[in-house]
Amino acid sequence: MSLRELKSLYEDIEGLCRPIRGPHRYELRRTVSKDDDVAIPDGVSISQKRKSDLERDSESFKRVKDAAASIAKTYTCPLTGSLLINPVMLEGEFNILYERKALIEYINQEGIAPDGYVNSPTTKKPLIPTIVPAHQARMAILHLVASGILDRYLTTAWKDVMTMKKNADGGDARSMVDFGYWFCDPENNDSHSPSAEEEQQAFILWKRAAELGNAEGMAEAGECLIEGYGVKQDNALGIKLIENAARNGFANSCLSLALDYDMGLSGLRKDQATAKYWAQKALDDSCSWPLDEGEREIAQRLLQEL
């Protein structure tokens, strides 16, 4: 076998296996040198060897492809036909996953019977309309999507999440903050009750963003430490991060400090003078991230009372 023929063989197999990523990746790509000892059985030509190898790897690729299709089917919402991004279950029907938003829309359209039950979207069995988050399934889907095995089944929403993850992994602090929010509140409406693992992942992302100087990351990581959200409670470190966020122009942290000093919360002593300082700081024009209308009303009312 010539070196050129051997290289051609590996190029063929490499092209066949390129679409496979993650834990099922075939480690067939390597540099072939003239010193490689490749045994070819007597009477077997290079074309027969190539055909045999390609057929074997083609069969392996087919098995992985079939497995991916089976996984995608398991994690596809029966209401939307799309890969789940925020999976939930109905109480009493824990073997079927739905997209949370789609399930709520179904329940609203179907209506709840006088006896308090709603018919299952799939089995039509009457069930209590209690929605249960499928935390383990959500994390499993995330890991599978990140591996690349489900690339052909990704929705636009999942592609956006993967772009956000890629940017966060690449060191973009804004993406770290947003990815942290995705773990805790994927629909951005405070409807998600995160698991301990999701809380921990969010804190890790916000802490990384804080270390890069992102004020919002400082604020969120600080709140996590004060609340024991995804991390062991540490009021002193939490307050330090929130103060850093406030001094970096994050108005929400200014308001948080004003309220904490006013009421003696988060391990702080009551100090109305300091509370007044931070309330004024929250309302002035020096903050890069201003308060929303409701937060401004709270800050203004606090200033009037101090």
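About the thresholds
Residues numbered from 1 in each chain as written. Predicted model: local features only at pLDDT ≥ 70, side-chain atom pairs only at ≥ 80, totals over all residues. Heavy atoms only, no water. Buried < 20%, exposed > 50% of the residue type's maximum accessible area, 1.4 Å probe, protein only. Helix = DSSP H or I, 4+ residues; strand = E, 2+ residues; numbered from the N terminus. Pairing = 2+ DSSP bridges. Phe/Tyr/Trp six-rings, centres within 6.5 Å; stacked < 30°, edge-to-face > 60°. Core = buried A, V, L, I, M, F, W, Y, C linked by side-chain atoms within 4.5 Å. Contact = heavy atoms within 4.5 Å. Axes fitted to C-alpha atoms, helices over the stretch in contact; angles between N-to-C directions.

(A) Geometry of the pairing of strand E2 (residues 93-99). Among the seven residues that make up E2, five are buried, leaving the element largely enclosed by the rest of the structure. Bridge count for strand E1 (residues 87-90) against E2 is three bridges, and the pairing is antiparallel. Counted as the bridge partner of Leu90 is Glu93 from E2. Where E1 hands over to E2, the hairpin turn is made up of two residues, of which Gly92 adopts a positive phi near 90°.

(B) Focus on the packing of aromatic side chains. Tallied over the full model, the rule gives seven aromatic pairs. For the ring pair Trp182 and Phe183, a centre distance of 5.3 Å and an interplane angle of 75° mean the geometry is edge-to-face. A relative accessible area of 3% places Phe183 in the buried class. Within the aromatic cluster, the residues linked to one another by ring pairs are Trp158, Phe179, Trp182 and Phe183.

(C) Spatial organisation of the nonpolar core. Core analysis: the biggest nonpolar cluster contains 55 residues, and Leu83, Val145, Trp158, Phe179, Trp182 and Phe183 have the highest contact counts within it. Here the element with the most residues in this core is helix H6 (residues 173-184); it accounts for seven residues. Listed in part, the 20 residues of the second largest apolar core include Ile226, Leu255, Leu257 and Tyr261.

(D) Representation of unusual backbone geometry in the model. You will see that Lys124, though not glycine, has its phi angle at about 65°, which is positive. Considering the arrangement of structural elements, one finds Lys124 in the loop between strand E3 (118-119) and strand E4 (126-127).

(E) Fine view of the environment of Cys77. Along the chain, the position of Cys77 falls in the loop between helix H2 (46-74) and E1. Residue classification places Cys77 among the buried positions, given a relative accessible area of 1%. Residues Cys77 and Leu103, spaced 26 residues apart in sequence, show a C-alpha to C-alpha distance of 9.4 Å. In this structure, Cys77 is in contact with Ser82, Leu84, Leu97, Tyr98 and Glu99, ignoring residues within four places of it in sequence.

(F) Highlighting the sheet that holds strand E5 (residues 131-133). The sheet built from three strands is open, its strands ordered E2-E1-E5 with antiparallel pairing. Looking at which strands have only one partner, the edges of the open sheet turn out to be E2 and E5. Between one strand axis and the next, the sheet turns through 40° on average, direction left out of account. Bridge count for E1 against E5 is three bridges, and the pairing is antiparallel. Residue Leu90 lies in a different strand from E5, and its bridge partner there is Ile131. Running over the sheet, helix H3 (residues 100-110) touches E1, E2 and E5 and is turned about 100° from E2.

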